[in-house]
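So you can see what is in the structure, the chains are spelled out below.
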Amino acid sequence: MQINIENRIIIITGPSTTGKTTLAKMIKESSPVQTAIVSHDAIASKIDAKLSEELRQEEFYVKMLTEISNALIHQENKLIIFDVPGIDRNYIFSLLNIIETVNHYNDEITLIKTNLPLKIHQELMQLRARRDPEVALYFDDFNDYFQNILGQRECFEGPFGSLHANYDVDNEYIIDNPKEITIKFSFPKQRKI
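A quick note: this is a predicted structure, and the numbers were derived from the prediction, not measured.

Draft legend 1. Spatial organisation of the nonpolar core. Within the largest apolar cluster, 23 residues are counted, with the highest numbers of intra-cluster contacts made by Ile-11, Met-64, Ile-68, Phe-82, Leu-95 and Ile-99. Secondary structure elements with two or more residues in this core: β2 (9–13), α3 (53–73), β4 (79–84), α4 (89–102) and β5 (109–114). Ignoring anything within four residues of it in the chain, the contact list for Phe-82 reads Ile-9, Ile-10, Ile-11, Ile-12, Val-38, Ile-68, Leu-95 and Ile-99. With 13 residues, the next largest nonpolar core counts Leu-23, Leu-79, Tyr-173 and Ile-181 among its residues.

What follows is the structure, given as structure tokens:
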């Protein structure tokens, strides 16, 4: 599958361990312009785990808004990639609203959804379970990890998930095999007001 990068803003979303971060890095490494990545996981890792759930969510929201604003207002960032789980349709609606408000509706948006077949997804989960010490830290065993990710897939693919939701974006791609992606750059297009 060829992904045409025509817009300044790209959102990559889907369940955990579907290649979102790898794809974001691949786009950044091959980009001919200055590129910033705003990563949900990177922001979440900066939150103090000792805080209550409510305080963690508040702190995450503030940090996420700050990261979004900083990336968008710096015009030297000619390409901005949002690497987010966003399996719930409302997460993506909210993110789009924030981006467009902060960005004053200046730039078109490309949305990339990672929807891998279960067999490929399971292979990536097994690979991650072997390589990522955080999997052992947060899950009892591989089955616990696997069931958690299956729950994410179920949400993503379900009636309240973002996979089948329609968003006001310029381009949308659904990736079913992360190993068969090519990137073509021809941007930026600006929204016509």
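Draft legend 2. Structural context of the pairing of strand β6 (residues 171–175). The two faces of β6 differ: Asn-171, Tyr-173 and Ile-175 on one face are buried, but Glu-172 and Ile-174 on the other face are not. Here β5 runs beside β6; their pairing, made up of five bridges, is parallel. What sits directly across from Leu-111, in β6, is Glu-172.

Draft legend 3. Inspection of the sheet that holds β4 at higher detail. Taking strand neighbours across the sheet as the criterion, the five strands line up as β3-β4-β2-β5-β6 in an open arrangement whose pairing is parallel. Edge positions in the sheet fall to β3 (35–39) and β6, since each has one partner strand and no second. Each strand of the sheet is rotated relative to its neighbour by a mean of 15°, with strand direction disregarded. The sheet contact formed by β2 and β5 spans five bridges and is parallel. Within β5, the residue paired with Thr-13 across the bridge is Lys-113. Set on the sheet, helix α1 (residues 20–30) makes contact with β2, β3, β4, β5 and β6; between it and β4 the angle comes to about 170°. Strands β2, β3 and β4 of the sheet are contacted by α3, whose axis makes an angle of about 160° with β4.

Draft legend 4. A look at the environment of Asn-77. Tracing the backbone shows Asn-77 in the loop between α3 and β4. Under the relative-accessibility criterion, Asn-77 is labelled buried at 8%. Here the alpha-carbon distance between Asn-77 and Ile-12, two residues 65 residues apart in the chain, equals 17 Å. Those residues in contact with Asn-77, other than ones at most four positions away along the chain, are Arg-8, Gln-34, Ala-36, Asn-70 and Ala-71.

The rules we used
- Residues numbered from 1 in each chain as written.
- Predicted model: local features only at pLDDT ≥ 70, side-chain atom pairs only at ≥ 80, totals over all residues.
- Heavy atoms only, no water.
- Core = buried A, V, L, I, M, F, W, Y, C linked by side-chain atoms within 4.5 Å.
- Buried < 20%, exposed > 50% of the residue type's maximum accessible area, 1.4 Å probe, protein only.
- Helix = DSSP H or I, 4+ residues; strand = E, 2+ residues; numbered from the N terminus.
- Contact = heavy atoms within 4.5 Å.
- Pairing = 2+ DSSP bridges.
- Axes fitted to C-alpha atoms, helices over the stretch in contact; angles between N-to-C directions.

So far we have only geometry, and geometry alone does not tell us how the molecule works.
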